[in-house]
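Here are the chains, one letter per residue:
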Amino acid sequence: SGRGNIHFPLFADFARLLSVLTGRRFVDETGLLGRFDLTVTYQDSFPSGYRRPLPEEDFSSLRDALRDDLGFKLESERRDFRVLIVEHVEQPTEN
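Quick summary incoming for the structure in this document. Model, not experiment: these values are computed from the prediction. (Residues numbered from 1 in each chain as written. Predicted model: local features only at pLDDT ≥ 70, side-chain atom pairs only at ≥ 80, totals over all residues. Heavy atoms only, no water.)

### Here we look at the overall build of the chain
In step 1: Within the chain, the regular secondary structure consists of two helices and two strands.
In step 2: Starting at the N terminus and walking to the C terminus, you meet the elements of the chain as β-α-β-α.
In step 3: The buried share of the chain, reckoned over its 95 residues, is 28%.
In step 4: The long-range share in the chain, meaning contacts at least 24 apart out of those at least 6 apart in sequence, stands at 66%.
In step 5: For the chain, the accessible surface area stands at approximately 7,800 Å², while carbon and sulfur atoms represent 49% of it. (Helix = DSSP H or I, 4+ residues; strand = E, 2+ residues; numbered from the N terminus. Buried < 20%, exposed > 50% of the residue type's maximum accessible area, 1.4 Å probe, protein only. Contact = heavy atoms within 4.5 Å. Areas by Shrake-Rupley, 256 points an atom, 1.4 Å probe, with all protein chains shown as cover.)

Below you can see the structure in the form of structure tokens.
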């Protein structure tokens, strides 16, 4: 199983971490401000190491742990948002 001790100055930072871990977009709408020290225990199907995104079974375990351990409810919904796509980059020329 995985266990995380997480320290954040803002709850929005926790939402960003969830986005990185899961490959899903999380938006903080809690309105919570202040510093948070969180501990979550969840099932991790990988024996060791860190892999992204979490497989569906690990995400389900993490979602349940957030609900059971911390009382957080994750809600899924579809939203439109802007994305910047960079298709090509070149070194600038010296002028």
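Don't stop here, the text continues.
### Overview of the packing of aromatic side chains
Aromatic ring pairs are described here by two measures, namely the spacing of the ring centres and the angle between the planes.
In step 1: As enumerated under the stated definition, the model contains three aromatic pairs in all.
In step 2: When the centroid spacing of 5.1 Å and the interplanar angle of 75° are considered together, the rings of F11 and F72 count as edge-to-face. Linking F11 in helix α1 (residues 11-22) with F72 in the segment after α2 (56-70), this pair joins segments that are 61 residues apart in sequence.
In step 3: Where F14 meets F72, the ring centres are 6.4 Å apart and the plane angle is 50°; that geometry is what we call tilted. On the criterion of sequence distance, the pair formed by F14 in helix α1 and F72 in the segment after α2 is long-range, its members being 58 residues apart. There is no split in this pair, since F14 and F72 are both buried.
In step 4: Members of the aromatic cluster, joined through ring pairs, are F11, F14 and F72. (Phe/Tyr/Trp six-rings, centres within 6.5 Å; stacked < 30°, edge-to-face > 60°.)

### Structural notes on the pattern of salt bridges
For side chains of opposite charge, pairing can occur when their charged atoms come near one another.
In step 1: Per the counting criterion, the structure on display carries seven salt bridges.
In step 2: The salt bridge partner of R63 is D64, with a shortest N-O separation of 3.5 Å.
In step 3: For R63, a relative accessible area of 30% corresponds to the partly exposed category.
In step 4: Note that K73 and E75 form a salt bridge whose closest N and O atoms lie 3.8 Å from each other.
In step 5: Assessed through its relative accessible area of 67%, K73 is described here as exposed.
In step 6: Bridged by salt links that share partners, the residues R63, D64, R67 and D68 form one connected network. (Salt bridge = Lys/Arg side-chain N within 4 Å of Asp/Glu carboxyl O.)

### Remarks on α1
Every α-helix winds through 3.6 residues per turn, so residues three or four apart in the chain are directed the same way.
In step 1: Relative to the 16 Å expected for 12 residues at 1.5 Å per residue, α1 spans 17 Å between its end C-alpha atoms, a close match to the ideal helical length.
In step 2: Taken residue by residue, α1 has F11, D13, F14, A15, L18, L21 and T22 as its buried positions.
In step 3: Looking one or two places after α1, you find G23, whose phi comes out positive at around 75°. (Expected span 1.5 Å × (residues − 1).)

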